[in-house]
Amino acid sequence: MIVKANINDVEKITKYIFSFKDKKEFLYPICPKEKDYTWIFNHVNKMIDTNKLVLVDYLNDQINAVLIVFVDDDQKYLQTEGGIFTNDCFDKVADSYLFYLKSNYEGYELNIVLNDDNTLFDDYIKNKAILENDSYDMRHLSKQGFVEENNVYLISEQYYKDYIQLSDELHPGCFWNAEKVLKTRNKFDVYIFIKDEKLLGFITVTNYFKPFDEIFALGVRKEYLHKNIEEALIKKVVNVNVSKDTDTMLIVEKSNKYEFDIFNKLKFEVVDTSKLYCLTL
């Protein structure tokens, strides 16, 4: 039986997840500290405390499986926090979770993010003919500051229209498009590069359900590419994070050589590789 966990369940859920720490097929690309007991405890506690989904499958009053899911009801959006933790028949448990999500979140978009080692969930998804969206590198930069330029600012309302137009042009079909980002400013920060009162580029950052700040989107007008605007935007975000004592993370598509080169130049280290699968429930 699958139920939503409550705050009294944090310790036993943490112990259960931690028991998988040496089984790489169950690890999940959420943080370089995934094997740390305290981090798992704090993360599970935060997810439950903020009404996110920590779904526990019980069998004979014992934990049989755990799945953590970020949910945004306003946007009808779900994203798994990695794989399913279970020692039971994986396909059977996964079927139960998928049925639960379809029954309770019909019409939502479900994003499943898995690292390359998570073969059990990956094989299950492929057998279900769920299409892979893309492959990604997760990159990390420790609290290291940069000398930044003066043209980067937190977005103001006068530039909303320009930001939406540029974002839609560069990232068509993105679920978290610029309009959704601006309507959920409690989840995102947007910085823009301005020269002569013209918006030349933007960078979007979120830490809404993560213990770090993630660079979510980066865009520069095509005629201004390779003019160090991208680096200026990234440096601004990193410096803001350093002031907050927060690490900077990002997930970059393996096919995106342009962004690969930028983040290599700025010494972002690859800490994991992952795949993204999407389906509508």
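Below is a short write-up of the structure. (Residues numbered from 1 in each chain as written. Predicted model: local features only at pLDDT ≥ 70, side-chain atom pairs only at ≥ 80, totals over all residues. Heavy atoms only, no water.)

Some thoughts on the overall build of the chain
When helices and strands are counted, the chain shows eight helices and 13 strands. Counting across all 281 residues of the chain, residues that qualify as buried make up 53%. Across the chain, the fraction of contacts at a sequence separation of at least 24, relative to all contacts at a separation of at least 6, is 70%. Carbon and sulfur atoms form 46% of the exposed surface of the chain, whose accessible area is close to 13,700 Å². (Helix = DSSP H or I, 4+ residues; strand = E, 2+ residues; numbered from the N terminus. Buried < 20%, exposed > 50% of the residue type's maximum accessible area, 1.4 Å probe, protein only. Contact = heavy atoms within 4.5 Å. Areas by Shrake-Rupley, 256 points an atom, 1.4 Å probe, with all protein chains shown as cover.)

With respect to the nonpolar core
I13, I17, V44, V54, V66, Y163 and I192 are the most contacted members of the largest nonpolar core, which has 37 residues in total. Elements that contribute at least two residues to this core include exactly helix 1 (10–18), helix 2 (37–49), strand 2 (53–59), strand 3 (62–72), helix 5 (160–170), helix 6 (178–183), strand 9 (188–195) and strand 10 (198–206). No other element matches helix 2, which puts five residues into this core. Residue contacts for I13: discarding those within four places in its chain leaves A5, V44, I48, V54, V56, I63 and V66. (Core = buried A, V, L, I, M, F, W, Y, C linked by side-chain atoms within 4.5 Å.)

Notes on the pattern of salt bridges
Opposite charge on two side chains permits pairing when their charged atoms draw close. Within the structure shown, the criterion is met by five salt bridges. K187 is the salt-bridge partner of D72, the closest N and O atoms lying 1.9 Å from each other. With D72 in strand 3 and K187 in the loop between helix 6 and strand 9, this residue pair connects regions lying 115 residues apart in the sequence. We note that D72, like K187, is buried. Close ionic contact of K126 with D122 constitutes a salt bridge, the shortest N to O distance being 3.2 Å. Of this pair, K126 and D122 both sit in helix 4 (residues 119–127), four residues apart, which is roughly one turn of that helix. (Salt bridge = Lys/Arg side-chain N within 4 Å of Asp/Glu carboxyl O.)

Topic: the environment of F85
As for its position among the elements, F85 is in strand 5 (residues 85–86). Relative accessible area serves as the criterion here: at 3%, F85 is assigned to the buried category. In this structure the C-alpha to C-alpha distance between F85 and F121, which are 36 residues apart in sequence, comes to 9.9 Å.

Some points on the packing of helix 7 (residues 229–243) against helix 8 (residues 257–265)
Where helix 7 meets helix 8, the axes come as close as 11 Å, and the angle between the chain directions of the two elements is 55°. When the axis of helix 7 is compared with that of helix 8, the two are oblique. Taken as a pair, helix 7 and helix 8 cross one another with a handedness that is right-handed. Together, E230, E231 and I234 of helix 7 and Y258, I262, F263 and K265 of helix 8 make up the contact between the two elements. Of the residues that constitute the contact of helix 7 with helix 8, the class distribution is four nonpolar, no polar and three charged. (Axes fitted to C-alpha atoms, helices over the stretch in contact; angles between N-to-C directions. Parallel < 35°, antiparallel > 145°, perpendicular 65-115°, else oblique. Left-handed = near helix turned anticlockwise from the far one by under 90°. Nonpolar A, V, L, I, M, F, W, Y, C, P; charged D, E, K, R; others polar.)

Remarks on the packing of helix 3 (residues 90–104) against helix 4
At a minimum axis distance of 10 Å, the contact between helix 3 and helix 4 shows a crossing angle of 65°. Comparing the axis directions of helix 3 and helix 4 gives the class roughly perpendicular. Of the two elements, helix 3 crosses helix 4, and the hand of that crossing is right-handed. Here F90, D91, A94, D95 and L98 of helix 3 come into contact with helix 4, specifically with L120, F121 and Y124. Of the residues contributing to the contact of helix 3 with helix 4, the split by class is six nonpolar, no polar and two charged.

Brief notes about the side chain of R221
Mapped onto the fold, R221 is located in the loop between strand 11 (213–220) and helix 7. The side chain of R221 sits in the buried core without any salt bridge; E169 is the nearest counter-charge, 5.0 Å away. Among the polar contacts made by the side chain of R221, one reaches the main-chain carbonyl oxygen of L199 at a distance of 2.6 Å. Once you skip the residues sitting within four places of it in the chain, R221 turns out to touch D162, L166, K198, L199 and L200. (Lys, Arg positive; Asp, Glu negative; His and termini not counted. Polar contact = N/O pair within 3.5 Å; in protein donor to acceptor, adjacent residues only side chain to side chain.)

Topic: the pairing of strand 3
For strand 3, the buried fraction is high: ten of the eleven residues fall into the buried class. Judged from the seven bridges that link them, strand 2 and strand 3 form a sheet pairing that is antiparallel. Considered in strand 3, the bridge of V56 is made with V66. In textbook terms, the turn of a hairpin is the stretch between consecutive antiparallel strands, and for strand 2 and strand 3 this stretch comprises two residues, one of which, N60, has a positive phi near 55°. Where strand 3 lies against strand 5, two bridges are found, and the strand directions are antiparallel. Each bridged residue has a counterpart across the sheet, and for V66 the counterpart in strand 5 is F85. One ladder, built from four bridges, connects strand 3 with strand 4 (residues 77–80); its direction is antiparallel. Across the sheet, D72 pairs through a bridge with Y77, a residue of strand 4. What sits between strand 3 and strand 4 in their antiparallel hairpin is a turn of four residues, with K76 showing a positive phi close to 55°. (Pairing = 2+ DSSP bridges.)

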